[in-house]
Structure formats: C-alpha cells, structure tokens
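# Close look at the chain arrangement
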Amino acid sequence: MRILQLVSCRGWSSDAYWAARVTRELERRGHEVTLGCRRGTERAVIDRVRAEGVSRLATFGLAGGLRPIADAADVGRLRRAIAAADVVHVHRGKEHWLAVVAARLAGGRPIVRTRHIAQAVRPHAGNRWLYGRATALVVAVSEAIRGQCLASGLLAPERIVTLSGGADVEAYRPAPADPDVRRALGGEDGRPLLGVVAGLRVMKGHRVVIEAMARLAGQGVRPRVVFVGRGAMEPALRQAVARAGMEAQIAFAGFVSDVPSAMAALDLALYVPLESDGMSRVLFEYLAAGRPLVASRVGVVPEVLVDDEHAALVPAGDADALASALAALVDDAPRRARLGEAGRRLVVERFSGARLAAALESHYARLTAA
C-alpha cells in the first residue's frame, strides 16, 4: 500500500513523533510510506524523523494561517503526491484542508485525520463539511478525545476510532541500569532513584513532585529525584527546590540524548501532569521500559491502566496522595517489580507501535477497498 503522511509541526511534538512512529512501523510491515513535513524544519523536525528510522521524506510549505499563494503551490505539489498514494493521513488542521482539496483534484483518495490533543473541534460549517463529508476516518489517541469529537456532532460514531500508544518496544525495553548513566542522573549512595522525563512546563507537574518530596523528607523518607528535560520553567523550579531545601535530593539532568538508558536507570518513574496532554508518549515508553510507575489520573491513564495492576494511580495535582504512593513504593522492591512487569506486558500486547500500525493497516485497507 502507498501511504502519504502529512504533519505541519514547526517543532518536535507528540504529533510529529506519532507520525514518525506510524510511518516507521508501517514501513516495517512492507508499505511504501512517505512522510511530508514542513519546509524549513530540518533541525527541529526532519532530523528527528530521520533518527526514528523514516526513509522516505518530502517537504511542503505548510505555512501557518491562510496564505493563498503558498497554499496554492502546496495544493499543486500535494495533488501530484496524492495521485501516487492510496491513502492520505493528516495530523493537523493546515494539512487537513490542503490535502482534502488536493485529493479532490487528484481524483479522490481516502483522507484519515488523527486528533492528538484534548481540544474540542468547533462545529462551524467548514468543520461540519471537513469532518462530516471530506474525511473518511478520524483517529483519536484517547477515548476522551474521541468523546469530544462525538460531542461536537460533526461525524458518526463509526467514523472515529481510538488508537492509543505506539511505543517502540524494541528501543524501550527492560534493561539493567548503566552505572555511569545512573550516577550522572544523581543516583548515588544506594537510595532509590525516581525520575520525571518531561519538558519543564507548568502542566507537567514538577512542582507537585517537589511538594511531595518535601512531605516525604519530613517523614524521614529521602529518595533521590531527577528531572530529565528542558523548558522555560527551569529557573522557577530550581528556586522551588531551593526553598524546599531539596537541592541535595532533586537533580536537573537537562536534555538526555539516550532516553531509554535514562529510563533504565530509574527505580520508579513518575508521570504526573496536571491535565491531559493528549497522546502521553512518555507514559507508554515508561511502561515499555518496564519501569514501575506512579501516574496521575488524567487523559489516557484511567482509560488504559488499572490501579495497583499496571501502576499506582493518584489524583492529579495532589502532593499528599503522591507522597503516600511514593512512600509505599520506595521500600517495596517486589511490588515495583510486579508493576514494571505488568506495564511492559500491557504495552507489548496492546499498545506497541507494531499493534498501532496493524490497526491502521486494517482501516486503510477497508477504506481503499471501498
């Protein structure tokens, strides 16, 4: 099957990652897949896409907003690309509209749209036509997002499916910790090492972790914590750590190029956003890596994880509940091992990139046959 994936992201995001992972997994299944990216994003997106193993790439303008001249040029190029494809899969609004127009000029091709974020689709006339008539299938990365789309009344239930996950279970797998990596992340003196792998942004819940660690310290429980990632909140978070007297306990690792090795060094992984952030890529990577997990009940978490079976689940933003969950786990290695094994098994059986690609392949085949 010949598949054209289109993603207009200016920077590396969950949309771009999902498109790249799907492209690579579909290539592994023997399909000819081209991933079209925004021109000028070589360093921010295209290099990362290549690092994911994608072999066929194309670039289009995909300029933000309404740009008649640039958009017309894109439609012309997309028309030629779509004419050589069996199905077109888009990930954002810009390429969605352009692909629909170009596909009609090319004689018609099924258009598939993935909704990555928990943001309601506005039910204006344009979207009613775009989703209701011009799009063959919508893929939601969580049931919550699917519910939002259905609540908008833009399309029938049978034309939207939920496909969560997509983790690379070969890259992210249980592995012994590298002592050098663990030391670089602050894992010393035999204490458990907890980690948050996420951009340093408000919604990711780092402040809640700092508050929970201060509560644990008051109880004499002092595991080490590392924040892996960069972001605009780093100065404020460093100040919060200093105010809590946690400088010797909480480390900032910054950007880490080998994330699987960093995850393997963790005794306990934390996924504690304050609200849903759509696909929750790192959640599935933690699980694939076999890391025991404490997770906030947001977004896809309560849809796919069972408390004390796959992870310890806590209310979002609740430092007391997080501290209690951590206190129960840091000294319970058998329970951590059980959760890590169950999480890995869940991803391999239901939420791997291979499972995601197989499901998409089935939908594509049905659409092209019709």
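A brief look at the structure comes next. (Residues numbered from 1 in each chain as written. Predicted model: local features only at pLDDT ≥ 70, side-chain atom pairs only at ≥ 80, totals over all residues. Heavy atoms only, no water.)

What follows deals with the packing of helix α4 (residues 93–105) against helix α5 (residues 125–134). Between α4 and α5, whose axes approach to 12 Å, the crossing angle comes to 55°. Classed by the angle they form, the pair α4 and α5 counts as oblique. α4 and α5 meet at a crossing whose hand is left-handed. Residue-level contacts link His-96, Trp-97, Val-100 and Arg-104 of α4 to Gly-126, Asn-127, Trp-129, Leu-130, Tyr-131 and Ala-134 of α5. (Axes fitted to C-alpha atoms, helices over the stretch in contact; angles between N-to-C directions. Helix = DSSP H or I, 4+ residues; strand = E, 2+ residues; numbered from the N terminus. Parallel < 35°, antiparallel > 145°, perpendicular 65-115°, else oblique. Left-handed = near helix turned anticlockwise from the far one by under 90°. Contact = heavy atoms within 4.5 Å.)

Moving on: the environment of Met-246. Its location among the elements puts Met-246 in the loop between α9 (234–243) and β10 (250–254). Taking relative accessible area as the criterion, Met-246 reaches 3% and is therefore assigned buried. Beyond its immediate stretch of four places on either side in the chain, Met-246 contacts Met-213, Ala-214, Ala-217, Arg-222 and Val-241. (Buried < 20%, exposed > 50% of the residue type's maximum accessible area, 1.4 Å probe, protein only.)

A few words on the pairing of strand β9 (residues 224–228). For β9, a buried count of five out of five residues is recorded, marking the element as mostly surrounded by other parts of the structure. In this structure, strand β8 (residues 193–197) lies alongside β9, joined through five bridges in parallel fashion. Within β9, the position partnered with Gly-195 by the bridge is Val-226. When β9 meets β10, the two strands line up parallel, connected through four bridges. The partner of Val-226 across the bridge, within β10, is Ala-251. (Pairing = 2+ DSSP bridges.)

To continue, consider the side chain of Asn-127. Along the chain, the position of Asn-127 falls in helix α5. If we ignore the near neighbours within four places in the chain, the residues touching Asn-127 are Trp-97, Val-121, Arg-122, Gly-132 and Leu-154.

Core analysis: the biggest nonpolar cluster contains 48 residues, and Leu-6, Trp-18, Leu-78, Ile-82, Val-88, Val-139 and Leu-360 have the highest contact counts within it. Once residues lying within four places of it in the same chain are set aside, the contact partners of Leu-360 are Trp-18, Val-22, His-89, Val-139 and Leu-163. Core analysis: the second largest hydrophobic core is formed by 35 residues, Leu-200, Phe-227, Val-294 and Ala-319 among them. (Core = buried A, V, L, I, M, F, W, Y, C linked by side-chain atoms within 4.5 Å.)

Take the sheet that holds strand β12 (residues 293–296) next. Reading across from one edge, β10-β9-β8-β11-β12-β13 is the order of the six strands in this open sheet, with parallel pairing throughout. This sheet does not close on itself; its edge strands, each paired only once, are β10 and β13 (312–314). Averaged over all pairs of adjacent strands, the angle between strand axes in this sheet comes to 20°, irrespective of strand direction. Of the strands in this sheet, β8, β9, β10 and β11 (268–271) are in contact with helix α8 (residues 206–218), which crosses β9 at around 170°.

Attention now goes to the pattern of salt bridges. Across all of its chains, the model carries 18 salt bridges by this definition. Its salt-bridge partner being Arg-238, residue Glu-234 comes within 3.0 Å of it at the nearest N-O pair. Placement of both Glu-234 and Arg-238 in helix α9 is noted, with a separation of four residues, approximately one turn of the helix. Glu-234 gets classed as partly exposed once you look at its relative accessible area, which sits at 22%. (Salt bridge = Lys/Arg side-chain N within 4 Å of Asp/Glu carboxyl O.)

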